[in-house]
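Residues per chain are reported as follows:
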Amino acid sequence: MDHGDKVDARALTGVSETALLTLYGRAYQAGHPKAIIDDPMAIKVVDAIDFDFDKFGRKGQEMALRSLAFDAAASRYLTAHPSATVVALAEGLQTSFWRLSAALPDLQFRWLTVDLEPVVELRNRLLPPSPRIRSVAQSALDFSWTEQVDTHDGVFITAEGLLMYLQPDEAMSLIHACATRFPGAQMVFDLPPTVVKKLAPKGVRSSRRYRVPPMPFSLSASQLADLAHTVPGVRAVHDLPMPAGRGPFFAKVFPRFWQWRLTRNFRGAYTLLEFG
């Protein structure tokens, strides 16, 4: 594809721009000779975008590992509810629908993307349409999207790379809204270590030219476990494991560190909520 045919992604700014950072990380890891994720769509999308991805400075395994953890949780739910609706909140340029469709080819789950207009517009230009995918162009915090969800065959909600960028009361109100409106559903989200908001109130610098936006919201593993007692509708909280990556550190050391009881409250979290 020559330069002139590429899609300009400069309309994405602030938190929306992190969609490009995580996309690039996944595409790089999918194209690596020892790939840890199978994501041909991510590679295709990066190739179709006119953007200076090098400014991010980072394309580490953690972005692909997070997607693998989310895929595993979604696969378990969809195997039990093959016609469920997946609601992808602030989906950015995730390509989860195509990874899950390739892994679960016999299932007819449906997909609802909820994201801001510039992101939805970019998704529509870059990603192939499917009769199983619908988009709602609005903030995840405008809860009117909840009325667009078909709840008959189950609901699985993903918030990948979202909650940490919200104010604490916004993040909790979103969890609360999902728990009360979707009994029987599940929700998966990730959070950074709680120390990030203290150490980097202005956001973490990933390169000389890029700073990840501030992350005002995070909870430790024990605070997350408490949600089962403090948020109406949350029936169970599961702390999800870190998938194994490539190389000695990501294959062995990091997954063990993640599960170690003594460090649990100091690391980030991949959390699955079950709604009663």
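Residues numbered from 1 in each chain as written. Predicted model: local features only at pLDDT ≥ 70, side-chain atom pairs only at ≥ 80, totals over all residues. Heavy atoms only, no water.

Taken as a whole and judged by the stated rule, the model has 17 aromatic pairs. Aromatic pair F56 and Y210: ring centres 4.8 Å apart, planes at 85°, arrangement edge-to-face. Of this pair, F56 sits in the loop between β2 (49-50) and α3 (61-80) while Y210 sits in strand β9 (residues 210-211); the two residues are 154 residues apart in sequence, bridging distant segments of the chain. In this pair, the class of F56 matches that of Y210, namely buried. (Phe/Tyr/Trp six-rings, centres within 6.5 Å; stacked < 30°, edge-to-face > 60°. Helix = DSSP H or I, 4+ residues; strand = E, 2+ residues; numbered from the N terminus. Buried < 20%, exposed > 50% of the residue type's maximum accessible area, 1.4 Å probe, protein only.)

All right, on to the packing of helix α1 (residues 14-31) against α3 then. In the contact formed by α1 and α3, the axes pass within 8 Å of each other and the chain directions differ by 90°. Classified by the angle their axes make, α1 and α3 are roughly perpendicular. Of α3, the residues touching α1 (which contributes L21, T22, G25, R26 and Q29) are Q61, M63, A64, R66 and S67. (Axes fitted to C-alpha atoms, helices over the stretch in contact; angles between N-to-C directions. Parallel < 35°, antiparallel > 145°, perpendicular 65-115°, else oblique. Contact = heavy atoms within 4.5 Å.)

Next up on the list: the pairing of strand β6 (residues 155-159). In terms of residue burial, β6 counts as a mostly covered element, since five of its five residues are buried. In the sheet, strand β3 (residues 85-89) pairs with β6 via four bridges, with the strands oriented parallel. Looking at β6, one finds that A88 is bridged to T158. Pairing between β6 and strand β7 (residues 186-191): four bridges, direction parallel. (Pairing = 2+ DSSP bridges.)

It is worth spelling out the nonpolar core at this point. A general trend in soluble globular proteins is that nonpolar side chains are found buried together. I49, W145, L163 and F189 are the most contacted members of the largest nonpolar core, which totals 96 residues. Per element, the largest residue contribution to this core is nine residues, and it comes from α3. When near neighbours in sequence (up to four residues on either side) are disregarded, I49 contacts K6, V7, A9, L20, L23, L93 and L126. (Core = buried A, V, L, I, M, F, W, Y, C linked by side-chain atoms within 4.5 Å.)

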